[in-house]
Amino acid sequence: MHPEYARELMIQRLQRQGIKNPLVLAAMQQVPRHLFIDEAFGSHAYSDYAMPIGQGQTISQPYIVAYMTELLLQQGKRDKVLEIGTGCGYQTAILAQLFKQVYSIERIGSLSNKAESRLAQLGIENACCRYGDGYAGWVENAPYPAILVTAAPEDIPLALLDQLAIGGFLIIPVGKEKSSQQLLKIVRTRSHYEQHILEEVSFVPLREGVG
Ligand code: SAH
């Protein structure tokens, strides 16, 4: 199947699954997902499941990417976003269509380098990739109105709560590996953090230190 056609079918499926934000749908339409995945997968790149990207890591299924992006946009600011877990860089590329500046951290050097060169090849210039431990966040550019974590810790990293702007949203899966994990939306108010439990999810673990 031609990639453009497979992508169009993916967009129709996302709409049936409840993704409504036209900006998110346009970004998913824009980014060639098959270029982030091993060529052997062909048009399966657009199917609705997670796929291996090397080093035991996976790219999230299109629905989860779209859903988390939609949640992030609900806080209303689009100047910058922090992503923890660059992986193959697909989610990074989606965020780069929607936010002025994307900061993304990956703890596996080879994945970080590959993602960085892939983003450059696609002409995406507003995403900065850093090889490091996302547990510490990226303090130099804080505070962030939007933070997205694409791997699951057992507890929310404190640095990420600290680096969230007032009114900002942190979208993060939390829970043990291979057991039940929940996707959380944390909203920082002037006086506290509100926690909203969204849905059951399955992510690779967020590991401390660099790989
Ligand atoms: N958004 C990615 C998903 C990759 S899977 C994509 O679209 O491909 C999650 C990624 O988080 C993995 O690449 C893993 O190496 C990375 N990761 C795990 N713990 C991390 C940490 N402490 N800091 C930064 N990245 C981490």
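Our subject is the structure listed above.
Keep in mind that what you see is a predicted model, and the values were worked out from it rather than measured.

1. Things to note about the sheet that holds strand β6 (residues 144-149)
Step number 1: Taken together, seven strands build an open sheet; the order of strands is β5-β4-β3-β6-β7-β8-β9 and the sheet is mixed. Of all the strands in the sheet, just β5 (127-131) and β9 (193-201) have a single pairing partner and so form its edges. Across the sheet, the mean angle from the axis of one strand to that of its neighbour is 15°, orientation sign disregarded.
Step number 2: In this structure, β6 lies alongside strand β7 (residues 164-175), joined through four bridges in parallel fashion. Bridge assignment links A146 to a residue of β7, and that residue is F169.

2. Quick look at the side chain of N126
Step number 1: Assignment of secondary structure puts N126 in the loop between α5 (109-121) and β5.
Step number 2: A polar atom in the side chain of N126 sits 2.9 Å from the backbone oxygen of A96.
Step number 3: Of the polar contacts made by the side chain of N126, one reaches the backbone oxygen of K100; its length is 3.2 Å.

3. Observations regarding the packing of helix α2 (residues 22-30) against helix α4 (residues 90-98)
Packed helices, taken two at a time, are described by the angle between their axes plus the distance between the axes.
Step number 1: At a minimum axis separation of 9 Å, α2 and α4 run at an interaxial angle of 125°. The angle between α2 and α4 falls in the class oblique. Classified by chirality, the crossing of α4 by α2 is right-handed. On α4, the residues touching L23, V24, A27, M28 and Q30 of α2 are Y90, I94, Q97 and L98.

4. Focus on the pattern of salt bridges
Step number 1: Following the criterion strictly, the structure yields three salt bridges and no others.
Step number 2: Taking the shortest distance from any N to any O, the salt bridge between R130 and E140 comes out at 3.5 Å. Of this pair, R130 sits in strand β5 while E140 sits in the loop between β5 and β6; the two residues are ten residues apart in sequence, bridging distant segments of the chain.
Step number 3: The class of R130 is partly exposed, set by a relative accessible area of 28%.
Step number 4: For E140, a relative accessible area of 55% corresponds to the exposed category.

5. Examining the pairing of strand β8 (residues 181-188)
Step number 1: Within β8, six of the eight residues are buried, leaving the element largely enclosed by the surrounding structure.
Step number 2: Sheet topology note: the β7/β8 ladder contains seven bridges and is antiparallel. Each bridged residue has a counterpart across the sheet, and for I171 the counterpart in β8 is K185.
Step number 3: Where β7 folds back onto β8 in an antiparallel hairpin, the turn is made up of five residues, including K178, whose phi is positive at roughly 60°.

6. Considerations on the site of the ligand
Step number 1: In the neighbourhood of the ligand, 27 residues make up the surrounding shell, with T58, E106, D133, G134 and R207 lying closest.
Step number 2: Within the side chain of E106, one N or O atom sits 2.6 Å away from an oxygen atom of the ligand.
Step number 3: A distance of 2.7 Å separates a nitrogen atom of the ligand from a polar backbone atom of G134.
Step number 4: Considered on its own, the ligand offers 580 Å² of accessible surface; in the complex 99% of this is hidden by protein.
Step number 5: For the shell around the ligand, the leading source of residues is strand β2 (residues 57-59), giving three residues.

7. Let's talk about the nonpolar core
Here is a general trend for soluble globular proteins: nonpolar side chains tend to be buried in one another's company.
Step number 1: Judged by nonpolar contacts, the single largest core of 47 residues is most densely connected at L14, I19, M28, L72, Y90, I94 and F99.
Step number 2: Broken down by secondary-structure element, the contributors of at least two residues to this core are α1 (3-16), α2, β1 (51-54), α3 (62-73), α4, β5 and β6.
Step number 3: Counting residues per element, this core draws most heavily on α3, at nine residues.
Step number 4: Once you skip the residues sitting within four places of it in the chain, L14 turns out to touch I19, L25, M28, P62, Y63 and A66.

8. Some thoughts on the pairing of β9
A regular strand places its side chains on the two faces of the sheet in alternate fashion.
Step number 1: Sheet analysis places β8 next to β9, joined by eight bridges and oriented antiparallel. Considered in β9, the bridge of L184 is made with I197.
Step number 2: The turn linking β8 back onto β9 is made up of four residues.

9. Considerations on the packing of aromatic side chains
Step number 1: Considering all chains together, one arrives at four aromatic pairs under this definition.
Step number 2: Relative to Y67, the ring of Y63 lies with its centre 5.6 Å away and its plane at 10°, an arrangement referred to as stacked. Placement of both Y63 and Y67 in helix α3 is noted, with a separation of four residues, approximately one turn of the helix.
Step number 3: According to the relative accessible area criterion, Y67 is buried, its value standing at 15%.

What counts, and where the lines are drawn
Residues numbered from 1 in each chain as written. Predicted model: local features only at pLDDT ≥ 70, side-chain atom pairs only at ≥ 80, totals over all residues. Heavy atoms only, no water. Pairing = 2+ DSSP bridges. Helix = DSSP H or I, 4+ residues; strand = E, 2+ residues; numbered from the N terminus. Axes fitted to C-alpha atoms, helices over the stretch in contact; angles between N-to-C directions. Polar contact = N/O pair within 3.5 Å; in protein donor to acceptor, adjacent residues only side chain to side chain. Parallel < 35°, antiparallel > 145°, perpendicular 65-115°, else oblique. Left-handed = near helix turned anticlockwise from the far one by under 90°. Contact = heavy atoms within 4.5 Å. Salt bridge = Lys/Arg side-chain N within 4 Å of Asp/Glu carboxyl O. Buried < 20%, exposed > 50% of the residue type's maximum accessible area, 1.4 Å probe, protein only. Near = heavy atom within 4 Å. Areas by Shrake-Rupley, 256 points an atom, 1.4 Å probe, with all protein chains shown as cover. Core = buried A, V, L, I, M, F, W, Y, C linked by side-chain atoms within 4.5 Å. Phe/Tyr/Trp six-rings, centres within 6.5 Å; stacked < 30°, edge-to-face > 60°.

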